[in-house]
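Each chain, written out:
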Amino acid sequence: MKVKIHVRRGAAGRQYYQTYEVEVEDPRITVLDLLIKVREDLDGTLSMRYACRMGVCGACAMVINGVPRLACATKLSDLGTSEIFVGPLPNRNIIKDLVTD
Amino acid sequence: MEVLEYDVVVVGSGLAGLRAAVAAALRGAAVAVVTKVAGPRSHSISAEGGMAAVVHPNKTGDSYELHAYDTVKGGDFLVDQEAAITLAYEAPKEVHFLDSIGVPWNKDPDGTFSLRQFGGMSKPRTVFAKDKTGFYIMSAIYKHVKGFSNIHLYEEHLVTRLVVKGGAFHGVVAYDMRRGELRGFAAPAGVVATGGGGRMYRLTTMGFLNTGEMYGYAMRAGLALRDMEFVQWHPTALVPAGVLISEAARAEGAYLVNRHGERFMKRYAPERMELAPRDVVSRAIYLECLKGNGFVHESGLCYVGLDIRHLDPERVKQRLPLLLELSKTYAGVNPLNELIPVRPAVHYFMGGIMTDIEGRALDRDGNWVRGLWAAGEAASTGVHGANRLGSNSLAECAVWGRLAGEAAAAYARGRRPAGELVAEAVKAEEERINGLLRREGGGESVRGLLKELQNLMEGGGGIVRSERASVEALKKLTDLRGRLNNVRISDGGRIYNMELREVLELEGMLLAAETVLLGALLRQESRGAHYRVDFQNRDDRRWLVHSVYFLYGGNVMTKQRPVNVTRWMPEARRY
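Note that this is a predicted model, so its numbers are computed, not measured. (Residues numbered from 1 in each chain as written. Chains lettered and ligands numbered in written order. Predicted model: local features only at pLDDT ≥ 70, side-chain atom pairs only at ≥ 80, totals over all residues. Heavy atoms only, no water.)

Chemist: Help me understand the interface of chain B and chain A, please; the structure alone is not making it clear to me.
Modeler: When the parts of a complex come together, some accessible area is lost, and that lost area is often taken as the interface size. Contact residues are listed per partner, giving 35 residues for chain B and 30 residues for chain A. Regarding the contact of chain B and chain A, the summed buried area is about 2600 Å², with carbon and sulfur atoms giving 56% of it. The interface formed by chain B and chain A includes five salt bridges. Of the charged contacts in the structure, one is a salt bridge between E502 of chain B and R39 of chain A, with a shortest N-O distance of 2.7 Å. Across the chain B-chain A interface, the total number found is 13 residue pairs in polar contact (both at pLDDT 80 or more). Residues that form the side of chain B that touches chain A fall into these classes: 15 nonpolar, eight polar and 12 charged. (Contact = heavy atoms within 4.5 Å. Buried area = accessible area lost by both parts, 1.4 Å probe. Salt bridge = Lys/Arg side-chain N within 4 Å of Asp/Glu carboxyl O. Polar contact = N/O pair within 3.5 Å; in protein donor to acceptor, adjacent residues only side chain to side chain. Nonpolar A, V, L, I, M, F, W, Y, C, P; charged D, E, K, R; others polar.)

Chemist: Looking at this structure, how should I read the state of the cysteines?
Modeler: In a disulfide, the sulfur atoms of two cysteines are covalently bonded to one another. According to the stated counting rule, one finds one disulfide over all chains in the structure shown. Here C289 of chain B pairs with C302 of chain B through a disulfide, and the sulfurs are 2.1 Å apart. The sign of the -90° torsion about the S-S bond sets the C289 of chain B-C302 of chain B disulfide as left-handed. Here C289 of chain B is found in helix α8 (residues 278-290), whereas its partner C302 of chain B is found in strand β15 (residues 302-307), with 13 residues between them in sequence. For C289 of chain B, a relative accessible area of 21% translates into the label partly exposed. C52 of chain A provides the cysteine sulfur closest to C57 of chain A, a residue in no disulfide bond, and the two sulfurs are 3.8 Å apart. (Disulfide = S-S within 2.5 Å. Helix = DSSP H or I, 4+ residues; strand = E, 2+ residues; numbered from the N terminus. Buried < 20%, exposed > 50% of the residue type's maximum accessible area, 1.4 Å probe, protein only.)

Chemist: I'm lost on helix α11 (residues 392-412) of chain B in this one. Help?
Modeler: One turn of an α-helix holds 3.6 residues; hence residues three or four places apart share an orientation. The first and last C-alpha atoms of α11 of chain B sit 30 Å apart over 21 residues, in line with the 30 Å expected at 1.5 Å per residue. Across the 21 residues of α11 of chain B, 18 count as buried, placing the element largely inside the fold. (Expected span 1.5 Å × (residues − 1).)

Chemist: Can you walk me through the packing of helix α6 (residues 213-220) of chain B against helix α15 (residues 498-522) of chain B in this structure?
Modeler: The description of two packed helices rests on the angle between their axes and on the distance between the axes. Residues and elements named next belong to chain B. Running from N to C, α6 and α15 point in directions that differ by 80°, and their axes come no closer than 6 Å. One way to sum up the angle between α6 and α15 is to call them roughly perpendicular. Residues E213, Y215, G216, Y217, M219 and R220 of α6 form the contact with α15, whose own contacting residues are L504, E505, E507, G508, M509, L511, A512 and T515. Counted by class, the contact of α6 with α15 contains seven nonpolar, three polar and four charged residues. (Axes fitted to C-alpha atoms, helices over the stretch in contact; angles between N-to-C directions. Parallel < 35°, antiparallel > 145°, perpendicular 65-115°, else oblique.)

Chemist: Even after reading the chapter, I still don't get the pairing of strand β4 (residues 67-70) of chain A, so can you show me in this structure?
Modeler: Working note: regular strand, side chains alternate between the two faces of the sheet. Residue and element names in this part refer to chain A. Pairing between strand β3 (residues 61-64) and β4: four bridges, direction antiparallel. Counterpart to M62 in the pairing with β4 is R69. Connecting the antiparallel pair β3 and β4 is a turn made up of two residues, with N65 showing a positive phi of about 45°. (Pairing = 2+ DSSP bridges.)

Chemist: Sorry if this is basic, but what is going on with the packing of helix α13 (residues 446-460) of chain B against α15 of chain B here?
Modeler: Residues and elements named next belong to chain B. As a packed pair, α13 and α15 sit with axes 10 Å apart at the nearest point and diverge in direction by 15°. Here α15 runs roughly parallel to α13, going by the angle between their axes. As for the relative orientation of α13 and α15, their crossing is left-handed in sense. Only E499, E502, V503, L506, M509, L510, A513, V516, L517 and A520 of α15 make contact with α13, whose side of the interface consists of V446, R447, L449, L450, L453, L456, M457 and G460. When the residues that make up the contact of α13 with α15 are grouped by side-chain class, the tally is 14 nonpolar, one polar and three charged. (Left-handed = near helix turned anticlockwise from the far one by under 90°.)

Chemist: What am I meant to see in the sheet that holds strand β17 (residues 352-354) of chain B here?
Modeler: Paired through backbone hydrogen bonds, the strands of a sheet run either parallel or antiparallel to each other. All names here are of chain B. Spatially, β20-β17-β11-β21-β22 is the arrangement adopted by the five strands of the open sheet, whose pairing is mixed. Here the strands that pair on one side only, and so sit at the sheet edges, are β20 (379-380) and β22 (555-562). Bridging between strand β11 (residues 225-226) and β17 involves two bridges; their strand directions are antiparallel. Directly across from R226, in β17, lies its bridge partner G352. Sitting on the sheet, α6 touches β11, β17, β21 (545-552) and β22, and the angle it makes with β21 is about 70°.

Chemist: Is there a simple way to think about the packing of aromatic side chains in this case?
Modeler: Within a pair of aromatic rings, the relevant descriptors are the distance that separates the centres and the angle that separates the planes. All names here are of chain B. This model, assessed by the stated rule, comprises 14 aromatic pairs over all chains. Centroid distance Y215 to F349: 5.8 Å. Interplanar angle 25°. Geometry classified as stacked. Here F349 lies in strand β16 (residues 340-349) and Y215 lies in helix α6, a separation of 134 residues in the sequence. F349 shares its class with Y215; the two are buried. Geometrically, the ring pair formed by W373 and Y411 is edge-to-face, given 5.9 Å between the ring centres and 70° between the ring planes. Taken together, the residues span a long stretch of sequence, with W373 in strand β19 (residues 368-374) and Y411 in helix α11 at a distance of 38 residues. (Phe/Tyr/Trp six-rings, centres within 6.5 Å; stacked < 30°, edge-to-face > 60°.)

This is how it looks when you write it as structure tokens:
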């Protein structure tokens, strides 16, 4: 299955969406794993935070399809769509891409 | 260029680092905590099962000496026995300290601490907060640290160099990811508490930041590492993600079963069964898989079942809520009526920066690098020997974090930071990093190299080792070291450049990996977590020695040091 991920990138005032296409076999993949796949295979310049990857530490909190959630605890199958919009948490100073103060 | 001056600089912000910061701050020191992590998200936060401490000796007929003895035997007698005594005597104080800052320990109706019995412990002596002990500890101590005006946190600062000159510590250089600049920290005293390096391996319970570069950087600064060949595989990581399922499950009575439904541990550890030490249980799972007694996951991974279905569901919900949540999210199973698919994954490094029993960091000859301490998983105090017992690591982090922080503050009193030495180091590091960023050619990607590293470590430094496999892995590692010079960083910016961070991490990781593989190759015996198919027995006559690793002329060298056997002679290790 092809998944389209639109990531809101850049720093404050200079934001834009970049779209990546990732081939996915298992819809149980988490959004974090999808983004890591993007970083590994497509674009290493994408900046984001992730640490424990088990839903405990909260590092990978971001807005996924309009809702703030943990990327590591959100599965593609939870979203019910193969088109994903990802952005930094709102009302915070953006350092780069998905990383906020 | 900026060089900030402090009395004590702590590198790392897990339990050991923050405990050191608090201890130093209470003695009036100005403390900088320099950490690559943001917020209380060091991997201590993912600790689940609990913290070993003899808090109620009378309740269970327990004693400090028994805790120390269990630790020595669990470590297959490679433990420096006085370090185990220190751990046992000091740990209860740390439980009370954490209690005083708000950790919600589970308590029994009579008001005493609830206790669990962990693998290799001969009494229930593990205190806990449900199965999210690390989460509660980190939340409490991070908040506590924030209340000190003399502790400054520098988050998302990756330390790239320890500044050591003339046998003494002077400070650190760090890449401040948020501002995209290098910063120097000058201080007469330092504590390294950077945790482990599970990400050298493909399958690990550790988080993405546990890359272990500091092991390599420490050698570059002239420090020695010890016992790096001993890498702990936790028996019960969730398949396929590798997320930890706590030993607390087995402490609460869970079984391990193979695909025939057999509790196979009866063939490996007839007395302790599922509560044998982790090296024994992980090896048993490995052998069950080898014999074809395991289940096979769709990913191709072999696994066994963790069975909690005979436990009282209400008690499980009360005491193991995280286990239920993780199983559902990451394996899609409900443990109340299904088996949890588990297999071993890398969990902890028994080795680390060689220290003495007080946590003072040593060079290859055993001399103290003045002003420098190491604590927690980053350190090798000698307390875990060849295998760490479950729940001894939170105790270790708190105990040696405090000891190091107190000693560092006392040492710093009356001493001045050497700002100019650190400024020079910042300049040198600036040039090096500019070089990395400007490098044009080279088609290697850092993530490609990391994947190769992870695979070769599993081959040459895995649960079961052999001369042939370790030699093979070392050859591949040499090749990787060469190719590291051809990595191109595609991100041209300096702010939050993750590729730059990954390259810097990988440099240190490759050095650390070499010590693991070298030790796996040279140690011709099986002891604790180090198991050689071609030398299957423990050999106390030749190998009751620590391995010491250091850099000499840019190459990793090794030598041996005696084990501090002061109380208990080595005996056969049966469980």
